[in-house]
Amino acid sequence: MVRADAQVPAVSAASLIAKVYRDTLMATLHEQYPAFGWNENAGYGTPIHLAALRAEGPSPLHRRLFVTTVLRGGQRARRTAPGTATLPLGEL
């Protein structure tokens, strides 16, 4: 069902719970692996995250396919939300 979260209250609630859980998990992961910026990127491949992956190598928590794709140059960083930190292109 397209846009179920806007039409079905139970789906809206589940979506909200999932986002809160994800944000909490990402904050916890950031404490263990701060280089990846998981506290700000919610697990998406932002420029900071991709640069850390190239510099630090993957953590035990990274998905292998994601790492392989990034290291082969096939992943473009998602644009970060306004107000979040990014590296200048020259530092990637």
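Here the structure is shown first, and the text comes after it.
Residues numbered from 1 in each chain as written. Predicted model: local features only at pLDDT ≥ 70, side-chain atom pairs only at ≥ 80, totals over all residues. Heavy atoms only, no water.

Asker: Please explain the pattern of salt bridges as it appears in this structure.
Answerer: When the charged atoms of two side chains lie near each other, side chains of opposite charge can form a pair. Summed over all chains, the structure comprises 1 salt bridge. A salt bridge links Arg-22 to Asp-23; its shortest N-O distance comes to 2.9 Å. (Salt bridge = Lys/Arg side-chain N within 4 Å of Asp/Glu carboxyl O.)

Asker: How should the nonpolar core be read in this particular structure?
Answerer: Generally speaking, soluble globular proteins have nonpolar side chains that are buried together. Core analysis: the largest hydrophobic core is formed by 10 residues, namely Met-26, Leu-29, Phe-36, Trp-38, Leu-50, Ala-52, Leu-53, Phe-66, Val-67 and Val-70. If you list the elements that add at least two residues to this core, you get α2 (9-32), α4 (47-56) and α5 (64-71). (Core = buried A, V, L, I, M, F, W, Y, C linked by side-chain atoms within 4.5 Å. Buried < 20%, exposed > 50% of the residue type's maximum accessible area, 1.4 Å probe, protein only. Helix = DSSP H or I, 4+ residues; strand = E, 2+ residues; numbered from the N terminus.)

Asker: Before we go on, may I ask you to explain α5 in this structure?
Answerer: An α-helix turns once per 3.6 residues; consequently, residues spaced three or four apart project the same way. Every buried residue of α5 is accounted for by Phe-66, Val-67 and Val-70. Buried residues in α5, looked at end-on, bunch into an arc of 95°, giving them a common side. The outward face of α5, more than 90 degrees from its buried face, is lined by the exposed residues Arg-64 and Leu-65. Those residues of α5 that are buried lie in contact with α4. Following α5 by one or two positions, Gly-73 has its phi on the positive side, about 85°. (Arc of directions from axis to C-beta. Contact = heavy atoms within 4.5 Å.)

Asker: Where do I start with the packing of aromatic side chains in this structure?
Answerer: What describes a pair of aromatic rings is the distance from one ring centre to the other and the angle between the planes of the rings. Counted according to the given criterion, the structure contains 2 aromatic pairs. With centroids separated by 6.0 Å and ring planes inclined at 80°, the aromatic side chains of Tyr-33 and Trp-38 adopt a geometry described as edge-to-face. Residue Tyr-33 is classed as partly exposed on the basis of its relative accessible area of 25%. Where Phe-36 meets Trp-38, the ring centres are 5.2 Å apart and the plane angle is 25°; that geometry is what we call stacked. Grouping residues by exposure puts Phe-36 and Trp-38 together as buried. Three or more aromatic residues link up through ring pairs in this structure, and these residues are Tyr-33, Phe-36 and Trp-38. (Phe/Tyr/Trp six-rings, centres within 6.5 Å; stacked < 30°, edge-to-face > 60°.)

Asker: Please clarify how the packing of α4 against α5 should be interpreted in this entry.
Answerer: Each pair of packed helices gets described by two things: the angle between the helix axes and the distance between those axes. Interhelical geometry of α4 versus α5 gives an angle of 90° and a closest axis separation of 10 Å. As far as their axial angle goes, α5 and α4 are roughly perpendicular. Together, His-49, Leu-50, Leu-53 and Arg-54 of α4 and Phe-66, Val-67, Val-70 and Leu-71 of α5 make up the contact between the two elements. Among the residues forming the contact of α4 with α5, the class breakdown is 6 nonpolar, 1 polar and 1 charged. (Axes fitted to C-alpha atoms, helices over the stretch in contact; angles between N-to-C directions. Parallel < 35°, antiparallel > 145°, perpendicular 65-115°, else oblique. Nonpolar A, V, L, I, M, F, W, Y, C, P; charged D, E, K, R; others polar.)

Asker: When you look at the side chain of Ser-59 in this model, what are you seeing that I'm missing?
Answerer: Within the secondary structure, Ser-59 is located in the loop between α4 and α5. Judged by its relative accessible area of 8%, Ser-59 is buried. For Ser-59, the residues in contact, after removing those within four places along its chain, are Tyr-33, Phe-36 and Trp-38.

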